Amino acid sequence: MTNSLITKKIIANSLKKRMETKSFHEISVSDIMQSCQMRRQTFYYHFVDKYELLGWIYKEETKENIKDFLDYEKWENIFDLLMDYFYENQRFYRRAFKVTDQNSFNQYLFEHTKNLYIKIIDERLTDKPIHISEANKNMLASFYSHGFVGTIKDWIEHHCSIQPSVLSSLIKEMIRNQLLLLEQTGSKPK
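Residues numbered from 1 in each chain as written. Predicted model: local features only at pLDDT ≥ 70, side-chain atom pairs only at ≥ 80, totals over all residues. Heavy atoms only, no water.

Naming follows an unreviewed UniProt entry, where the protein appears as TetR family transcriptional regulator of Paenibacillus tyrfis.

See below:
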């Protein structure tokens, strides 16, 4: 890991730690840098402002928890990893979901889970005599991604009252059922 990446992660962890007790809008760059015992100028060497830092956290952590696993893990395992990750970081994300102006977490999570759903559909339909148009696949993936983001947001806002493994199992079962329905009703290639 490069020094620059290490420094960014230290700054990011400082913001995450601060957001466990304060809203994003109450935290200043000075607060972030005091917390990690670095100079304020170091922040500006890596980020334009705290919104860019927040966006970097989303990109980096969704990449680490979704995108990096797409080619190596079964989709079911990715949902298990995601639920555990959100459970462990729920205090940060409870406040992060409230940031709706620049760098909304909802949009980052939506885009990454949409790609995950497209991968799931593609995998499931491999070697099946079913054709689904790209437009329909995108619509289905968008639908499920919006549902997933809303479910995660509600779960986190309610202090993760359902255990991560239980929520993950419920989501996976819904996906499996939808994919079975898709296989049964999908159109055959012409």
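Residues annotated by UniProt as "domain: HTH tetR-type" (unreviewed entry) correspond here to residues 20-54. Secondary structure over residues 20-54 splits into 54% helix and 0% strand, and the C-alpha atoms at its two ends are 14 Å apart. (UniProt positions renumbered as here; feature names shortened; annotations may be inferred. Helix = DSSP H or I, 4+ residues; strand = E, 2+ residues; numbered from the N terminus.)

If you check the backbone angles, His 159 has positive phi at about 60° while not being a glycine. When you line up the elements, His 159 lands in the loop between α8 (134-157) and α9 (164-185). Owing to a relative accessible area of 52%, His 159 belongs among the exposed residues under this scheme. Positive phi outside glycine occurs at Cys 160, with the angle close to 50°. Secondary-structure assignment places Cys 160 in the loop between α8 and α9. (Buried < 20%, exposed > 50% of the residue type's maximum accessible area, 1.4 Å probe, protein only.)

Spanning 24 residues, α8 covers 34 Å between terminal C-alpha atoms, matching the ideal 34 Å at 1.5 Å per step. Buried within α8 are the following residues: Lys 137, Leu 140, Ala 141, Ser 142, Tyr 144, Ser 145, Phe 148, Val 149, Ile 152, Trp 155 and Ile 156. For α8, the secondary structure elements touched by its buried residues are α5 (75-88), α6 (90-96), α7 (105-125) and α9. (Expected span 1.5 Å × (residues − 1). Contact = heavy atoms within 4.5 Å.)

So, on to the side chain of Ser 145. The residue Ser 145 is located in helix α8 in this model. With relative accessibility at 0%, the residue Ser 145 sits in the buried group.

Let's shift gears to the packing of α5 against α8. Taken N-terminus to C-terminus, the directions of α5 and α8 make an angle of 35°; their axes are 11 Å apart at the nearest point. Between α5 and α8 lies a crossing whose hand is right-handed. In this structure, α5 contributes Phe 79, Leu 82, Met 83, Phe 86 and Tyr 87 to the contact, and α8 contributes Phe 148, Ile 152, Trp 155 and Ile 156. Split by residue class, the contact of α5 with α8 holds nine nonpolar, no polar and no charged. (Axes fitted to C-alpha atoms, helices over the stretch in contact; angles between N-to-C directions. Left-handed = near helix turned anticlockwise from the far one by under 90°. Nonpolar A, V, L, I, M, F, W, Y, C, P; charged D, E, K, R; others polar.)

The next point concerns the pattern of salt bridges. Evaluation of the coordinates by the stated rule reveals nine salt bridges. A salt bridge links Glu 134 to Lys 137; the nearest nitrogen and oxygen atoms lie 3.1 Å apart. In this pair, Glu 134 and Lys 137 are both assigned in helix α8, three residues apart and thus about one turn of the helix distant. Several salt bridges converge on common partners, so that one network encompasses Arg 18, Lys 22 and Asp 31. (Salt bridge = Lys/Arg side-chain N within 4 Å of Asp/Glu carboxyl O.)

Next up on the list: the nonpolar core. Phe 79, Phe 86 and Ile 152 are the most contacted members of the largest nonpolar core, which has 56 residues in total. At the level of secondary structure, the elements contributing two or more residues to this core comprise α1 (3-18), α2 (29-35), α4 (50-65), α5, α6, α7, α8 and α9. Of all the elements, α7 adds the most residues to this core, at ten residues. Each residue touching Phe 79, except ones within four places of it in the same chain, is listed here: Leu 116, Tyr 117, Ile 120, Phe 148, Ser 168, Ile 171, Lys 172 and Ile 175. (Core = buried A, V, L, I, M, F, W, Y, C linked by side-chain atoms within 4.5 Å.)

Contact geometry of α8 with α9 gives a least axis separation of 12 Å together with a crossing angle of 165°. Judged on the interaxial angle alone, α9 and α8 are roughly antiparallel. The way α8 lies across α9 gives a crossing that is right-handed. Where α8 approaches α9, its residues Leu 140, Tyr 144, Phe 148, Thr 151, Ile 152 and Trp 155 are matched on the opposing element by Pro 164, Leu 167, Ile 171, Met 174, Gln 178 and Leu 182. Class assignment for the residues of the contact of α8 with α9 results in ten nonpolar, two polar and no charged. (Parallel < 35°, antiparallel > 145°, perpendicular 65-115°, else oblique.)

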